[in-house]
Number of protein chains: 2
Amino acid sequence: MISKRQIKIITSLHQKKYRKSTGLFVAEGKKVIQEFLNSKFELDSLFSVDANLFANNSKVTLISEAELKKISFLKTPNKALALFKIAENAVVNAEGLIVALDDVRDPGNLGTIIRLCDWFGVTQLVCSEATVDCYNPKVIQATMGSLTRVNVVYANLENYLSETKLPVFGAFMDGKNVYKTNLPKDGILVMGNEANGVSEKISTLITEKIAIPRFGEIQQTESLNVAMATGILLNEFKRSEF
Amino acid sequence: MISKRQIKIITSLHQKKYRKSTGLFVAEGKKVIQEFLNSKFELDSLFSVDANLFANNSKVTLISEAELKKISFLKTPNKALALFKIAENAVVNAEGLIVALDDVRDPGNLGTIIRLCDWFGVTQLVCSEATVDCYNPKVIQATMGSLTRVNVVYANLENYLSETKLPVFGAFMDGKNVYKTNLPKDGILVMGNEANGVSEKISTLITEKIAIPRFGEIQQTESLNVAMATGILLNEFKRSEF
């Protein structure tokens, strides 16, 4: 059983302002919830249509399929929904490869980038304040638990890059051929907005502009999507470590 | 002005069987249509709400916004819609890097893979017969004209791989570290289905199984999406050529 008030709170959490005021976010489905339960994230409440799911968890509330449908953000609700507490901004350590996002707006792209960071062992992701919120339900479901292993920090990117002592690489269409660039173990890789790339303000703080070269003579191909470009560049930074 | 019969034909083209029986496919928007006009594809008919678009094209029919809405597959119809003739299956030349898809089902993934082939200068893409149709409207709009520069051939993949003399690489979760694999200029790269990977039948025809290694100690990350894996592997095959 779930109260009307609870339904109202949960459904409000698709909006960033309510996630901010309550300090809560939604995770859905057994697998995703289990990954958050096994992580540093603190469980607030847990709703399940199946008494056998999370049977040992004292916070579980049994609800009906109809109730789950009311609170789920998924087209096909997935047996369980949990509220977790939003983590406090972690401190960014100036070591290893750090990815920084300059106003990435699409939840699917952010979700894919978080999964890529996890895949390539990048544990620090610094997002400009205009980057889509990583606790957006679409991002949570797209990351499939990778968010439990990657620290996502929202910051004033201009200030952060002004103060760092690490070399700052940025992805630009007219950058230097990444295959011929010396890529260090410690550094920051800045990826830009889907439509506009890296902003002018941030461009001035880039130490080295890099690009994935286009092949072939006909140069009409559209630019690579930001998530795809991030994957290929992370591969370039990390391949020598293996 | 557009006839009821034409509307019926055009709207039927979201189904593969009608594309097959008519030999036609739909392209929408000025940019995508222009790329097909500049290619080997033959125009069948062209509808525009703006007389200034394609003003020199003798096949253009002026239609109203309401008519465009009836025939468009887009949520927000984009000024013009054209029908082009489906190209005949090209002959696959046994040279260069060839990408082969074993039952990739998602139109977005196929569209991204065609764009990646275009980016990395791969001009031959062999698809198993169960792979999603490249003339699917979602694929056409996702490829943004890359389909005019990449020959997509549908074939019995088992027969094709049985007969080729090229080395056949395949992406497998438990394959050999791709960073430590010698990747030749001429060869075939097989990518598998979204849920099941490369099928058993096709697996027996692979000369070398390769994998993008996961970084970090915690090995819980979900596998990379097939389009992302294709991008990273194409980068590995092609990076030495630059």
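Computed from a predicted model, the values in this text were never measured in an experiment. (Residues numbered from 1 in each chain as written. Chains lettered and ligands numbered in written order. Predicted model: local features only at pLDDT ≥ 70, side-chain atom pairs only at ≥ 80, totals over all residues. Heavy atoms only, no water.)

Trainee: I'd love a proper account of the packing of aromatic side chains, names of residues and values included.
Mentor: All chains considered together, the criterion is met by 18 aromatic pairs over all chains. Geometrically, the ring pair formed by Phe 169 of chain A and Phe 237 of chain A is edge-to-face, given 5.4 Å between the ring centres and 85° between the ring planes. Of this pair, Phe 169 of chain A sits in strand S8 (residues 168-177) while Phe 237 of chain A sits in helix H9 (residues 226-238), placing them 68 residues apart in sequence. Taking relative accessible area as the criterion, Phe 237 of chain A reaches 3% and is therefore assigned buried. When the centroid spacing of 6.3 Å and the interplanar angle of 75° are considered together, the rings of Phe 41 of chain B and Tyr 135 of chain B count as edge-to-face. Note that Phe 41 of chain B is positioned in the loop between helix H3 (30-37) and strand S2 (43-48) and Tyr 135 of chain B in the loop between strand S6 (124-128) and helix H6 (137-143), a separation of 94 residues in sequence. For Phe 41 of chain B, a relative accessible area of 7% puts it in the buried group. By way of ring pairs, the aromatic residues Phe 25, Phe 36, Phe 41, Phe 84 and Tyr 135 of chain A are connected into one cluster. Cation over ring: Lys 209 of chain A sits above Phe 172 of chain A, and NZ or CZ is 4.6 Å from the ring centre. (Phe/Tyr/Trp six-rings, centres within 6.5 Å; stacked < 30°, edge-to-face > 60°. Helix = DSSP H or I, 4+ residues; strand = E, 2+ residues; numbered from the N terminus. Buried < 20%, exposed > 50% of the residue type's maximum accessible area, 1.4 Å probe, protein only. Lys NZ or Arg CZ within 6 Å of the ring centre and 35° of its normal.)

Trainee: Quick rundown of the interface of chain A and chain B? Include the residues and the values.
Mentor: Each side of the interface is counted separately: chain A has 35 residues, and chain B has 35 residues. Of all residues in chain A, Trp 119, Phe 215 and Phe 242 of chain A give up the largest surface area on contact with chain B, accounting jointly for 27% of the area buried on that side. The interface formed by chain A and chain B holds 2 salt bridges in total. The partner of Glu 236 of chain B in a salt bridge is Arg 239 of chain A, with the nearest N and O atoms 2.6 Å apart. The interface formed by chain A and chain B holds 12 residue pairs in polar contact (both at pLDDT 80 or more) in total. Here the element with the most residues in the side of chain A that touches chain B is H9 of chain A; it accounts for 7 residues. In terms of residue class, the side of chain A that touches chain B is made up of 14 nonpolar, 9 polar and 12 charged. (Contact = heavy atoms within 4.5 Å. Buried area = accessible area lost by both parts, 1.4 Å probe. Salt bridge = Lys/Arg side-chain N within 4 Å of Asp/Glu carboxyl O. Polar contact = N/O pair within 3.5 Å; in protein donor to acceptor, adjacent residues only side chain to side chain. Nonpolar A, V, L, I, M, F, W, Y, C, P; charged D, E, K, R; others polar.)

Trainee: Go over the relation of the copies chain A and chain B with me, naming the residues and quoting the values.
Mentor: With an RMSD of 0.0 Å, the fit of chain A onto chain B corresponds to turning through 180° and sliding 0.0 Å along the axis. The superposition operator between the copies reduces to a two-fold rotation axis. Across chain A, the rotation axis passes nearest the C-alpha of Ile 232 of chain A, at a separation of 2.7 Å. The share of interface residues of chain A whose copies in chain B are also at the interface is 100%, consistent with both copies meeting through the same surface. (Least-squares fit on C-alpha atoms with pLDDT ≥ 70 in both.)

Trainee: Any details on the state of the cysteines? Residues and values, ideally.
Mentor: Note on terminology: a disulfide is the covalent bond linking the sulfur atoms of two cysteines. Applying the stated criterion across every chain yields a total of 0 disulfides over all chains. Here Cys 127 of chain A stays unpaired: no disulfide links it, and the sulfur of Cys 134 of chain A, its closest cysteine neighbor, is 6.6 Å away. (Disulfide = S-S within 2.5 Å.)

Trainee: Give me the lowdown on the packing of H9 of chain A against helix H9 (residues 226-238) of chain B, citing residues and values where you can.
Mentor: Orientation of H9 of chain A relative to H9 of chain B, taken along the N-to-C sense of each, is 45°, at an axis distance of 9 Å. The orientation of H9 of chain A with respect to H9 of chain B, classified from their angle, is oblique. Between H9 of chain A and H9 of chain B lies a crossing of right-handed hand. Here Ala 227, Met 228, Gly 231, Ile 232, Asn 235 and Glu 236 of chain A of H9 of chain A come into contact with H9 of chain B, specifically with Ala 227, Met 228, Gly 231, Ile 232, Asn 235 and Glu 236 of chain B. Its residues placed into classes, the contact of H9 of chain A with H9 of chain B shows 6 nonpolar, 4 polar and 2 charged. (Axes fitted to C-alpha atoms, helices over the stretch in contact; angles between N-to-C directions. Parallel < 35°, antiparallel > 145°, perpendicular 65-115°, else oblique. Left-handed = near helix turned anticlockwise from the far one by under 90°.)

Trainee: Give a detailed account of the sheet that holds strand S7 (residues 151-155) of chain A, specifying residues and quantitative values.
Mentor: Residues and elements named next belong to chain A. Strand order in the open sheet formed by 6 strands is S7-S6-S5-S9-S8-S10, and the pairing between neighbours is parallel. Single-partner strands in this sheet number two, and they are S7 and strand S10 (208-211). Sheet twist, expressed as the average angle between the axes of neighbouring strands with direction ignored, equals 35°. For S8 and S10, the ladder comprises 5 bridges, and the chain directions are parallel. Residue pairing for S10: Lys 176 is matched across the bridge by Ile 210. Lying over the sheet, helix H5 (residues 107-119) contacts strand S5 (97-101), strand S6 (124-128) and S7, oriented at roughly 155° with respect to S6. Sheet strands in contact with H9 are S5, S8, strand S9 (187-191) and S10, and its direction is about 160° off that of S9. (Pairing = 2+ DSSP bridges.)

Trainee: Just give me the short version of the nonpolar core, but keep the residues and values in it.
Mentor: With 107 residues, the main nonpolar core has Leu 125 of chain A together with Leu 110 and Leu 125 of chain B as its most contacted residues. What Leu 110 of chain B contacts, discounting residues up to four positions off in sequence, is Leu 101, Val 104, Leu 125, Cys 127, Val 132, Asp 133, Cys 134, Val 139 and Tyr 154 of chain B. (Core = buried A, V, L, I, M, F, W, Y, C linked by side-chain atoms within 4.5 Å.)

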